[in-house]
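# Architecture at a glance
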Amino acid sequence: MISELLIRNFGIIDKVKVQFEEGFNVVTGETGSGKSLILRSIPFLFGFARDNFLLSNEGETVVEAVFTDVLEEVRNLLREQGLDVEDEIVIRRVATQSRSRYYLNDRPVTSTFLKGVFPLLVEVQTQRESIALFNRKKLMDFYDAFCGLLEMRSSYEELYRTYLEKKELLERAEDRVRDIEDKMEILRSFVEEIESMGLLDVDEDSLKKEREALVNAEKLRYALNRILAVVSEEEFSITSGIREILHNLRTVSDYYEPSVSYLEIFERILGDLKEIEISISSDLSRIYYNEEKLNKIEEILWNIEKMKRKYNVDWKFIKEKFKSSKDELVRLEAELDSLKNLSVEFDKLKSELYEFALKLSEERISKKEEFERRIVDYLLLMGFKKPIIEVRFNRLEEPTIYGLDGIDLLFSANPQVPPYPVEKVASGGELSRIMLSLYLTVKRKSGMSLLLDEIDTGIGGYTAKAIGELLRELGATNQIIVVTHFPQIASCANNHIVVEKTLKGDKSYVIVSRVTGEERDKELKRMFGEMKKDLMEGDDGGDR
């Protein structure tokens, strides 16, 4: 609730401090005294700029309010922004014709942030502001509170938040699915291309050596045959020469001592030559020219070279890439299956959410007539003759935080005129009384301050007394701040604030004071006197 309001250089107000209390607060004063400015300063405080023309041309305009007993929802919101939250919240706006600065507990904040906090602290129905009736969220809150659906809706809202999280996750997943499918298409194309070549087991270096051997097969066979011939096959071969050397060394071994070591050397040479002869003979048996095989090898090497040029990497890297691509395809396939399962889970959650939303709709519709009747009953007490109130639901295509229902409140003060949305047809005074009826119908502690101006427009004394008693009833659970001309309404308040305008020289000053006892009686008598004067002049407003 608002416990204190400081206003400086706002319209005709030079400097005032207003103390509000719990329950029903009333603001009275003569016409033109500035009492409506008290209420108008509060939306201005939060950054609503419609009253900028009331800014001072001399110095800064300052509006500051102290809020106590604020909702936990507000405290949580402030903590999320890193703002200190003590027992009270102090909001201040310092404005000039060119700029405004905003503070919350002496910390700079933006007007955008304060506008978000505003509907959690204040309900307004003034000559220029109507919050609860024009705000579909607020209207649905009122209605669901009346229907006893807040706990059920809280469960729905939890499911809805999960739905939004899953929906966002699914949307990201759908993008990821498209990315995966595109990537898999590229990988599959590469893998299939390499597999179709059938060359994964080919060693390029070994194949090149084999090709080299085939190309030079005839030349190689000739060379190796000549080596064999020189080593052992010709009449004067190396082998026959060494055998003759060995024969001669043996004949002189008895009396030529070095022959022993020479024999060992030449016998070893002869053994080595024999091994060379066997190896070359074996190679010759395998070396032959095969044009068909050579052509096949050339084709394989050409395909390998084509792949190397295409991907600008060597063959070893291509084979490694093939293996890693197959592994990546397996991994992506598993991820794709997992992502597609999200869609199944989301569809199940969406079905559950829709079913829950339809139950909410059924409960709301079942209470519609009773809700309308209650508001009409209160409007009758407040002077309306034959008011029409209609709650109209419209089915939404997509679920919202409130379900599948949009809500409108329709009103007509004349049964011969069809009802239209309340914000389009109701006057300021009618709006104030309709909002009061909403609060009385719901009968719950809102934790916010309710600001009402023009609530007494177009009514008579009897109706004013009824409205005053209803405001006092509502004040038992909510803070209400009302501007009125009627003593019947003012007499029901538990905190009475008087606004007076005085002249000092050529300048007007506004004085605000809390009145009790004799001072209050004096103000109520003044108000009765004004009302009698109006009656004598034929301006009684009349009960609707």
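A brief structural summary. Small disclaimer: the values here were computed from a predicted structure and weren't measured. (Residues numbered from 1 in each chain as written. Predicted model: local features only at pLDDT ≥ 70, side-chain atom pairs only at ≥ 80, totals over all residues. Heavy atoms only, no water.)

## Digging into the overall build of the protein
- Tallying secondary structure elements over the protein gives 16 helices and 15 strands in all.
- Seen along its three principal axes, the alpha-carbon backbone of the protein occupies a region of about 170 × 55 × 35 Å.
- Looking at the 544 residues of the protein, the share that counts as buried comes to 46%.
- Residue pairs in contact within the protein that sit at least 24 positions apart in sequence constitute 70% of those at least 6 positions apart. (Helix = DSSP H or I, 4+ residues; strand = E, 2+ residues; numbered from the N terminus. Buried < 20%, exposed > 50% of the residue type's maximum accessible area, 1.4 Å probe, protein only. Contact = heavy atoms within 4.5 Å.)

## What to know about unusual backbone geometry
- One non-glycine residue, N105, lies in the positive phi region at around 50°.
- Mapped onto the elements, N105 comes out in the loop between β6 (100–104) and β7 (107–109).
- Even without glycine at this site, N312 takes up a positive phi of about 55°.
- Relative to the elements of secondary structure, N312 occurs in the loop between α10 (291–311) and α11 (315–381).
- When its relative accessible area of 69% is taken as the criterion, N312 is described as exposed.

## Digging into the environment of D347
- In this structure, D347 sits in helix α11.
- As a C-alpha pair, D347 and Y163 span 184 residues in sequence and 9.8 Å in three-dimensional space.

## A closer look at the sheet that holds strand β4 (residues 61–68)
- Pairing within the open sheet is antiparallel, and its six strands lie in the order β2-β1-β4-β5-β6-β7. Strands with a single pairing partner mark the edges of an open sheet, and in this sheet they are β2 (13–19) and β7. Pairwise comparison of adjacent strand axes, ignoring direction, gives a mean angle of 15° for this sheet.
- Across eight bridges, β4 lies against strand β5 (residues 88–95) in antiparallel orientation. Considered in β5, the bridge of V66 is made with V90.
- Strand contacts of helix α1 (residues 35–45): β1 (2–10), β2, β4, β5 and β6, with the helix running at about 95° to β1, the strand carrying the most contacts.
- Taken strand by strand, helix α3 (residues 111–121) contacts β4, β5, β6 and β7, and its axis lies near 50° from that of β6. (Pairing = 2+ DSSP bridges. Axes fitted to C-alpha atoms, helices over the stretch in contact; angles between N-to-C directions.)

## Regarding the pairing of strand β9 (residues 388–400)
- Across nine bridges, the pairing between β9 and strand β10 (residues 403–412) is antiparallel. Note on β10: the bridge partner recorded for N394 is G406.
- Linkage of β9 to β10, two consecutive antiparallel strands, is achieved through a turn of two residues.

## Quick notes on the environment of E277
- Along the polypeptide, E277 turns up in helix α9 (residues 259–286).
- Along the backbone, E277 and I389 are 112 residues apart, and their C-alpha atoms lie at a distance of 119 Å.
- Not counting chain neighbours up to four residues away, the residues in contact with E277 comprise L228 and S232.

## Some thoughts on the pairing of β1
- Of all nine residues in β1, seven are buried; the element is thus mostly enclosed.
- Where β1 meets β4, six bridges bridge the pair, whose relative direction is antiparallel. When the bridges of β4 are listed, R8 appears paired with V62.
- In terms of strand pairing, β1 meets β2 through six bridges, oriented antiparallel. Across the sheet, R8 pairs through a bridge with K15, a residue of β2.
- Hairpin remark: β1 followed by β2, antiparallel, with two residues in the connecting loop; positive phi at G11, about 60°.

## Quick word on a nonpolar patch on the surface
- Among the surface-exposed residues, Y255, Y256, Y262, I265 and I269 lie close enough to one another that they form a single nonpolar patch of about 500 Å² accessible area.
- For I269, the position within the fold is in helix α9.
- By relative accessible area, I269 is classed as partly exposed at 33%. (Patch = residues over 30% accessible without salt bridge, like charges linked within 9 Å, V, L, I, M, F, W, Y side chains within 5 Å. Areas by Shrake-Rupley, 256 points an atom, 1.4 Å probe, with all protein chains shown as cover. Salt bridge = Lys/Arg side-chain N within 4 Å of Asp/Glu carboxyl O.)

## Considerations on the packing of aromatic side chains
- The tally for this structure, following the rule as stated, stands at 15 aromatic pairs.
- Where Y143 meets F371, the ring centres are 4.7 Å apart and the plane angle is 70°; that geometry is what we call edge-to-face. Of the two residues, Y143 is situated in helix α4 (residues 136–147) and F371 in helix α11; the sequence distance between them amounts to 228 residues. For the residue pair Y143 and F371, the accessibility class agrees, reading buried in each case.
- Both rings, one in Y156 and one in Y160, keep their centres 6.2 Å apart while their planes meet at 20°; by these two values the pair is stacked. Placement of the pair is Y156 and Y160 together in helix α5 (residues 150–197), with a separation of four residues, close to one helical turn. Both residues of the pair, Y156 and Y160, count as buried.
- A connected cluster of aromatic rings, assembled from ring pairs, spans Y156, Y160, Y163, F346 and F356. (Phe/Tyr/Trp six-rings, centres within 6.5 Å; stacked < 30°, edge-to-face > 60°.)

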